[in-house]
Structures are given as structure tokens and as C-alpha cells.
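# Results of the structural survey
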Amino acid sequence: GQEEIISEIFHGKPVLAVLPTGAGKSICFQLPSLLLKGVTLVISPLISLMKDQAEALTARGIPAAYLDSSMSSNEYGRVLHAALNKQCKFLYVAPERLVNQQFIDFARQAYIAMVAVDEAHCVSQWGHSFRKEYYNIHDFIQALPTKPLVAAFTATATPDVRRDIIKRLGIPEAKIVVTGFDRPNLHFAVQRTQDKERSLLEFMRKHKKDCGVVYCATRNKVESVTQLLRRQGFSALRYHAGLTPEERRENQNAFVGGSVPLIVATNAFGMGIDKPDVRFVIHYNMPKNMESYYQEAGRAGRDGEPSECILYYEPRDVRTNRLFIENGEENSELDEETRKIVKERDLERLKQMTFYCFTSECLRQYILNYFGEKSSSYCGNCLNCQTQFEEVDITLEANTILRCLDALDWNYGAATVIDIVHGGKSQKILGKNLDKNPEYAVLSERTVPRLRQILRELQFREYVEEKGEQYPVICLTPEGKAFMKTEEPLIMKLPKEETEKKS
Ligand code: ZN
């Protein structure tokens, strides 16, 4: 996926790249920058990451620097001076910096060829970690004498958020490049366990030689889980924002360097950490949204080897997260109305996260669909696929749906199509004479969720496609027409009906 992004930037076009964690984001702007005249400004909210990247570039002989608020005005001046004198190719700054007058004066004199925006979802109120300072980016760019190229990057953005990002950054013409979100080597599992301590210890005993991360929701939890593991003879370190910077750094280095295999941490741990052989990521508590979950779980198996991502669910986690969101301390600088919007969206995200813990469908499919990616409804490498699925012959259902579409003289949305074959009696069905469709009520014995799964499978196999942005409608494809003419059976893996009814 990197090639397309690099090529867009190289040809001077703005781009929004959506790449999963660990996909190699930095090279996408670093490589084309080297060919541009002028400085590339990299905007990032993460000081440790800025520092790491600037140092890594410098070590490779590419002049790079960063600005952070702990610098003396001397140091600060020296960095800006170097950048003005073409002694700096990459300059990393936090978004707060963009309203600083000294920095603005510098930016007007320097030739800024490109602005690379990291963690671009922070600019969107729809995103999962909105930051008001990101609003500065647009004004800052507008005020520059020569408009730089803008490249934005995020690891997690749903289609709505993507559209919002390019609007907020003032690059509506940007190409949105989404590289695949799927990480086939990761095995996903949700355990609704009554006794998390026991589940954790059982898992650890089976994975004594592996290294992994255990994420907990609070500092207290980090402390108690670390103690638990140590008492049972596992060598584990802790990591959370309440520790001294020295201890955090030491623990992180010991883990990354491989001298201690286990780290128990809050979500403060992990940004910019590149350890390829993490064999498991356990979430001892449910995170507050799928974005955080997938980003944290995605730290497992960067080397492509099979790795485990396990989430321990208990109802209390939902309440804890709800409290976090309702108190909303993270957003104290926002005005009342914005805070309300952000809160509502966060609660909606929490709901989606909770659904993940309860779905009996394929977990991978759930994740990929959440991020707007189509996928098969059966991956075979998640706990649900392995325990909840059975093979079902859906030839009849598939053909009925396809024939139904074929007989329509107008395109309708998925819900209406399902309503026709299911025999719905709504105003819409009767008013538009859809009950005259030859396939009307042919599948009235099936449940609506099941028909939805089958329709999704047909979509995934490209027998039907969804068209239209605002009002998506389902259309039959030439492949679908061809399939109708064959007598081929169609088998798919589906969640067992029994478990479905129970849930
Ligand atoms: Zn699966």
C-alpha cells in the first residue's frame, strides 16, 4: 500500500493515507520529501515519537530535528536557524506550536515544501481522539506564502471520519488511500470470563516462553495484575503515566530489548514502539472503542507470525468506560456544545465496542466492517469462527435474492431487498407493489439477521454490489447474473442458529 501513497505525494497531490499500525507509515512521507526542495514539517501529538523519528533520520545522515516545549529558547532558536539555512530536511512539531508567533515568523521565511500530518484523525470531532489544537493546522497552512503539499496519515478512521479529515485540513481534493486493515496472522478472541485472574494465569502458563502485553484500564489495575503475575513467578514489568519518566523508560527498554518478556500497561504504553515479536496482546479490560482496541491489539505479531489478541470482557468494563466518557476530562478545553457532540459519539463508539464482545459472527469481519472494509463472513482464525460456525448450504437463499434483484425495475437498499424476500408488509413494500415480486416471501422462514449475513456474503463474492453514497442501493452484477445461470451449490460458514437465538 505504500507505493500508491508515495506516488501520489511524489506527483504533488495531497493525500490522506489510512494505514494500520505497523504498516510502515513514515517512509510514505519521508521518501518523497527527500526529493522535494525545502523543509518537510511533520505535525505529531507524540513527543516521544517525534524524538525517535528525528533521531533515526539523523542517524541515517538525513538532517532532522524536533521542537518541544521543554527546550530552552536557545535550543529552540538554534533548530529554527538550522531549518532556515537548509540544514534540516524534517522538522517535527506538536500542533500547539502552530500558533506560536516565533514559529509562524519562521514558517513564513522558510520554504515549507510539505506538511505531513500524523494521527490525522485528531482533527475530526468524529474521530476517537479529537484534539482542538489540530484545528490550527488549516489556518497555519492557509497563512503560508507558498501552499505546501499536505499529506495526512491515520491508522484508524472510519469512512465518515476520513471525509471529515480532508475537509478540516482544507484538502478536499486529496486522494484517500486505504491500505488493507486485515492482519491475517492475528487470532482474535473474546472471553466473557467470570474469573479474569484465573484465565490470565492459565494463558500465561501455556505461553511461558512468549512475550506479550497485558493492557489494563487503570493504573490500579496495572499494579494489581503485575503483582499477581509476579507472585505466580512470572517476570513482568509495569507501565503507566503515574510512574517516574525514568522507570517508564527503563521498563519500556527492558521489554523492547527482550530482557523481560511481559509488560502490564495502561494505554499510555505502545505509541511508536516497534517490537516485532510480541506474541500476544491481552486486554484485561475492554477499551472504550474499536479504534483503540485494534491499534493496541495490532502491536502483536508485526513480524507476521501467528499471534493472539484476547479480550476479557466483564459488564463492569462498560460501566467504567461510560464513567470515563461522561466525566470527559480529556476534553475540558472544549466548549459546551462540542463537548456534547464528542460525548455522544464516544458513547456510540462504546456501544460498538461492546457489540464486538457479544457478536457470534466472525470477529475479524466485525473489525474490518467497522473500518469500512468488506470481508468474508468467515476467517477461520478467530475464536468465533472456530467455535460458533457451521457450514450451511445457501444456494437457495442466494438464488432467491439474486432473482429478486433481477426482477426489480428500480434499485433499493439492503433492508428493503431483505424485506421483500422475507415477506415484509411495510408501507414501502405494499405501496411500491414490491409484494408482486416473484420472490416475495420466498424466504419468510429465515431470520432477518441470517438473510443479512447471506446478502453480505453475496456482496463479498461480488455477485451484488452496493452503489450510491447517500442512499446506498444493492445492484446485481454481471458475475451475479452469471452465477444465477449455473447450478453451482453455494456453501458458506455461518454462526450456528442456536447461539444466535440465545444472544
Ligand atoms: Zn473469524
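Report on the accompanying structure. If you're wondering where the values come from, they're calculated on a predicted model, not measured in any experiment.

This part covers the overall build of the protein chain. Tallying secondary structure elements over the protein chain gives 21 helices and 17 strands in all. The C-alpha radius of gyration of the protein chain comes to 25 Å, within 12% of the 23 Å expected for a compact globule of 503 residues. Burial analysis of the protein chain (503 residues in total) assigns 52% to the buried set. The contacts of the protein chain with a sequence gap of at least 6 include a subset with a gap of at least 24, amounting to 72%. Carbon and sulfur atoms make up 49% of the accessible area of the protein chain, which amounts to about 24100 Å² in all.

With that settled, consider the sheet that holds strand β12 (residues 280–283). Overall, parallel pairing links the six strands, which are arranged β8-β13-β12-β9-β11-β10 in an open sheet. Looking at strand neighbours, the two that pair on one side only are β8 (186–191) and β10 (236–239), the edges of this open sheet. Sheet twist, expressed as the average angle between the axes of neighbouring strands with direction ignored, equals 15°. Direction of pairing for strand β9 (residues 212–215) relative to β12: parallel, over a ladder of four bridges. Paired with G212 across the strands is F280, a residue of β12. Those strands touched by helix α8 (residues 196–206) are β8, β9, β11 (262–265), β12 and β13 (307–312), and its axis lies near 170° from that of β13. Each of β8, β9, β12 and β13 is contacted by helix α11 (residues 290–297), which is oriented at about 150° to β12, the strand it contacts most.

Here we take up the environment of D105. Its location among the elements puts D105 in helix α5 (residues 101–109). Considering only alpha carbons, one finds D105 and L144, 39 residues apart in sequence, at a separation of 9.8 Å.

Okay, the pattern of salt bridges next. The full count for this structure, using the stated rule, is 28 salt bridges. One salt bridge connects R279 with D303, and the closest N-O pair in it is separated by 2.7 Å. Residue R279 is found in the loop between β11 and β12, and its partner D303 is found in the loop between α11 and β13; the two are separated by 24 residues along the sequence. Take D303: its relative accessible area is 34%, and that puts it in the partly exposed class. Residue E291 is joined to R349 by a salt bridge in which the shortest nitrogen-to-oxygen separation is 3.3 Å. Of this pair, E291 sits in helix α11 while R349 sits in helix α13 (residues 336–358); the two residues are 58 residues apart in sequence, bridging distant segments of the chain. Each member of the pair E291 and R349 is classed as buried. Beyond isolated ion pairs, a larger network of salt bridges with shared partners links K196, E314, R316 and D317.

Most of β13 is tucked away, with five of its six residues classed as buried. Note: β8 against β13, six bridges, orientation parallel. Its bridge partner lying in β13, H187 is registered against E308. Read as a crossover between parallel neighbours, the route from β12 over α11 to β13 is right-handed.

A cluster of nonpolar side chains, F10, I27, L31, L34 and L35, forms an exposed patch at the surface whose accessible area comes to about 490 Å². Looking at the nonpolar patch, the element that brings in the most residues is helix α2 (residues 26–35), giving four residues. One can find I27 in helix α2. Residue I27 is classed as partly exposed on the basis of its relative accessible area, which comes to 43%.

Donor atoms from the polypeptide that coordinate the zinc ion comprise C362 (SG), C379 (SG), C382 (SG) and C385 (SG), at 2.3 to 2.4 Å from the metal. Sequence positions of the donors to the zinc ion reduce to the motif C-x16-C-x2-C-x2-C. Here C379 lies in the loop between α14 (363–370) and α15 (383–388) and C362 lies in the loop between α13 and α14, a separation of 17 residues in the sequence.

With that settled, the discussion passes to the nonpolar core. Formed by 106 residues in total, the largest nonpolar core has its most connected members in L91, F103, F153, F188 and Y356. Discounting residues that sit within four places of it in the chain, Y356 has contacts with F188, V190, M290, Y293, L311, L363, Y366 and I367. In this structure, I429, I454, L458 and I474 belong to the second largest nonpolar core, which totals 29 residues.

Spanning 13 residues, helix α3 (residues 47–59) covers 18 Å between terminal C-alpha atoms, matching the ideal 18 Å at 1.5 Å per step. Buried within α3 are the following residues: L49, M50, Q53, A54 and L57. Buried residues of α3 fall within an arc of 125° about the axis and therefore sit on the same side. As for α3, its buried residues are in contact with α2, β3 (64–66) and β4 (90–93). Immediately beyond the C-terminal end of α3, within one or two residues, lies G61, with a positive phi of roughly 85°.

At a closest axis distance of 10 Å, the pairing of helix α16 (residues 395–407) and helix α20 (residues 478–485) adopts a crossing angle of 120°. The angle between α16 and α20 places the two elements in the oblique class. Regarding α16 and α20, the two cross each other, and that crossing is left-handed. Seen from α16, the contacting residues are A398, N399, L402, R403 and D406; seen from α20, they are G480, K481, F483 and M484. Partitioning the contact of α16 with α20 into residue classes produces four nonpolar, two polar and three charged.

Judged by pairing direction, the sheet is parallel, and its seven strands sit side by side in the order β3-β4-β2-β5-β6-β1-β7 without closing on themselves. In the strand order of this sheet, the two ends are held by β3 and β7 (175–178), each with one partner. In this sheet, adjacent strand axes meet at a mean angle of 15° when their direction is disregarded. For strand β2 (residues 39–43) and strand β5 (residues 112–117), the ladder comprises five bridges, and the chain directions are parallel. Counted as the bridge partner of V42 is A116 from β5. Most of the contacts of α2 go to β4, to which it runs at about 140°, and overall it touches β2, β4, β5 and β6 (149–154).

Analysis parameters
- Residues numbered from 1 in each chain as written.
- Predicted model: local features only at pLDDT ≥ 70, side-chain atom pairs only at ≥ 80, totals over all residues.
- Heavy atoms only, no water.
- Helix = DSSP H or I, 4+ residues; strand = E, 2+ residues; numbered from the N terminus.
- Rg over C-alpha atoms; globule rule 2.2 N^0.38 Å.
- Buried < 20%, exposed > 50% of the residue type's maximum accessible area, 1.4 Å probe, protein only.
- Contact = heavy atoms within 4.5 Å.
- Areas by Shrake-Rupley, 256 points an atom, 1.4 Å probe, with all protein chains shown as cover.
- Pairing = 2+ DSSP bridges.
- Axes fitted to C-alpha atoms, helices over the stretch in contact; angles between N-to-C directions.
- Salt bridge = Lys/Arg side-chain N within 4 Å of Asp/Glu carboxyl O.
- Right-handed = clockwise from strand over helix to strand, strands pointing away.
- Patch = residues over 30% accessible without salt bridge, like charges linked within 9 Å, V, L, I, M, F, W, Y side chains within 5 Å.
- Donors = N, O, S within 2.8 Å, 3.2 Å for Na, K, Ca; no water.
- Core = buried A, V, L, I, M, F, W, Y, C linked by side-chain atoms within 4.5 Å.
- Expected span 1.5 Å × (residues − 1).
- Arc of directions from axis to C-beta.
- Parallel < 35°, antiparallel > 145°, perpendicular 65-115°, else oblique.
- Left-handed = near helix turned anticlockwise from the far one by under 90°.
- Nonpolar A, V, L, I, M, F, W, Y, C, P; charged D, E, K, R; others polar.

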